[in-house]
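Structural overview for review
For reference, the chains in residue letters:
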Amino acid sequence: MTSLRVAVLGATGYTGGEALRLLAGHPAAEVTVVGAGRTAGGRVGDTHPHLVPFADRRFESLPVEAVAERAEAALLALPHEESAGTAPALVEAGVRVVDLSGAFRLEASAYPPWYGFEHPDPTWLGKAVYGLPEVMGEQIAGADLVANPGCYPTAVLLALGPLLSAGLLEPEGMVVDAKSGISGAGRVPAETTQYAASEGSIRPYQAGVHRHTPEIEAGLSAAAGAPVTVTFVPHVVPTTRGILATCYARTRAAADTLAAALAEAHDPHPFVRALPAGELPDPKRVAGSNLAEVGVAVDGHSGTAVVAGAVDNLVKGAAGQAIQNLNLMFGLPETAGLDHPPVYP
Ligand SMILES: NC(=O)c1ccc[n+]([C@@H]2O[C@H](COP(=O)([O-])OP(=O)(O)OC[C@H]3O[C@@H](n4cnc5c(N)ncnc54)[C@H](OP(=O)(O)O)[C@@H]3O)[C@@H](O)[C@H]2O)c1
């Protein structure tokens, strides 16, 4: 069988490196371009000592035409503004793209307030398919440009989406309280990601103004069939990987009914594990894998459903989901390269 030739652009970063790690075990794909920005020319093994299969390869910075000669598909693990220009050029050159950034997830008017830039090519926003396979499966197969979801939205939409679709939660007044490991901020160090600043801390940030808010609201609105707003408060916790999104909503049903709805919705989905009523997810149990856990408990005293989703931000929240999308786009088994169990403990 001929392998799918894949370019990974932004391969020095945390999500790009994770894409290389997962593609190293993919039975039907080979990495033909290992792209980077400032690090171009460097040896992969010097940046990613764990990626032994790629150790002597060199990072490259290539024009779009050269990427198109070597690859049918590209995973873009680039900054948002860089992706906004690169992804359309690649598609026009015949390369099908999964973009891990936020550059193609929203409508044009959302970019200045939430991302701080005018989208350079809004016509592509209408052509991109939002790459949450559990919701968009068939549309992904026909897409040339897939907008891979954000890490927090993935956890939230897998947990809350089916319950809103089934009309089991009140759509008003929902609160999403989410925790992320430090790798969510990428590889470039900042004062707030230093060990000394993070160890022993749980730090809320960007309450109500985080750029994943409109993405979460768009996905939940589609599920509910009506506009939904949420209060979204992310936190950084002193772990390397993992996201836990704990969501609070007024419930219209008991825990058993909610858990049954989650189980029924996710039964066909190979990467989502719906837990029994009263059990809530743990990001430790999905680390290193493309699995998501979702679960629900009900606080009968206040009539509140506590609905939670857990993912590894670098895998189901980024590179793993991107490869799941790639598999769907190219007619490969959805689980190819992704069917290993999590790392535990
Ligand atoms: N971290 C997460 O958990 C996560 C989850 C979901 C989505 N994402 C998204 O995925 C993307 C990558 O995130 P990350 O955390 O992997 O970032 P990162 O660790 O900072 O890596 C960024 C990568 O982009 C490359 N790059 C930067 N500027 C470039 C340019 N002008 N031209 C070409 N390459 C350039 C860098 O190469 P050099 O080092 O050589 O400059 C590096 O390989 C972002 O859009 C992020 O929002 C991240």
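Residues numbered from 1 in each chain as written. Predicted model: local features only at pLDDT ≥ 70, side-chain atom pairs only at ≥ 80, totals over all residues. Heavy atoms only, no water.

**Section: the pattern of salt bridges**
- Going through the model one piece at a time under the given rule, you end up with 14 salt bridges.
- Of the charged contacts in the structure, one is a salt bridge between Lys316 and Glu134, with a shortest N-O distance of 2.9 Å. Note that Lys316 is positioned in helix α12 (residues 315-329) and Glu134 in helix α7 (residues 133-141), a separation of 182 residues in sequence. For the pair Lys316 and Glu134, one class covers both residues: buried.
- Each of Glu18, Arg21, Arg241 and Asp312 takes part in a single network of salt bridges with overlapping partners. (Salt bridge = Lys/Arg side-chain N within 4 Å of Asp/Glu carboxyl O. Helix = DSSP H or I, 4+ residues; strand = E, 2+ residues; numbered from the N terminus. Buried < 20%, exposed > 50% of the residue type's maximum accessible area, 1.4 Å probe, protein only.)

**Brief notes about the layout of surface pockets**
- Considering only enclosed or pocket space, the second largest pocket measures out at about 450 Å³ in volume.
- Around the second largest pocket, the lining comprises 23 residues; the ones closest to its centre are Tyr130, Val135, Met136, Gly219 and Ala222.
- When residues of the lining of the second largest pocket are assigned to their parent elements, the largest contribution, six residues, is made by helix α10 (residues 213-224).
- Its residues assigned to classes, the lining of the second largest pocket comprises 16 nonpolar, four polar and three charged. (1 Å grid on protein atoms, 1.4 Å probe; cavity = no way out; pocket = protein on both sides within 12 Å on 5 of 7 lines; lining within 4 Å. Points joined across faces, edges and corners; volume = space filled by probe spheres on them. Nonpolar A, V, L, I, M, F, W, Y, C, P; charged D, E, K, R; others polar.)

**As for the sheet that holds strand β10 (residues 243-250)**
- Read from one edge to the other, the open sheet built from seven strands follows the order β8-β9-β7-β10-β13-β12-β11, with strand pairing classed as mixed. Two strands bound the open sheet, and with one partner strand each, they are β8 (203-204) and β11 (272-274).
- In this structure, strand β7 (residues 174-180) lies alongside strand β9 (residues 230-236), joined through seven bridges in parallel fashion. Counted as the bridge partner of Lys179 is His235 from β9. (Pairing = 2+ DSSP bridges.)

**Here's the deal with the pairing of β7**
- Extensive coverage of β7 is indicated by the burial of five of its seven residues.
- The pairing of β7 with β10 spans six bridges and is antiparallel. By the bridge assignment for β10, Lys179 is matched with Leu244.

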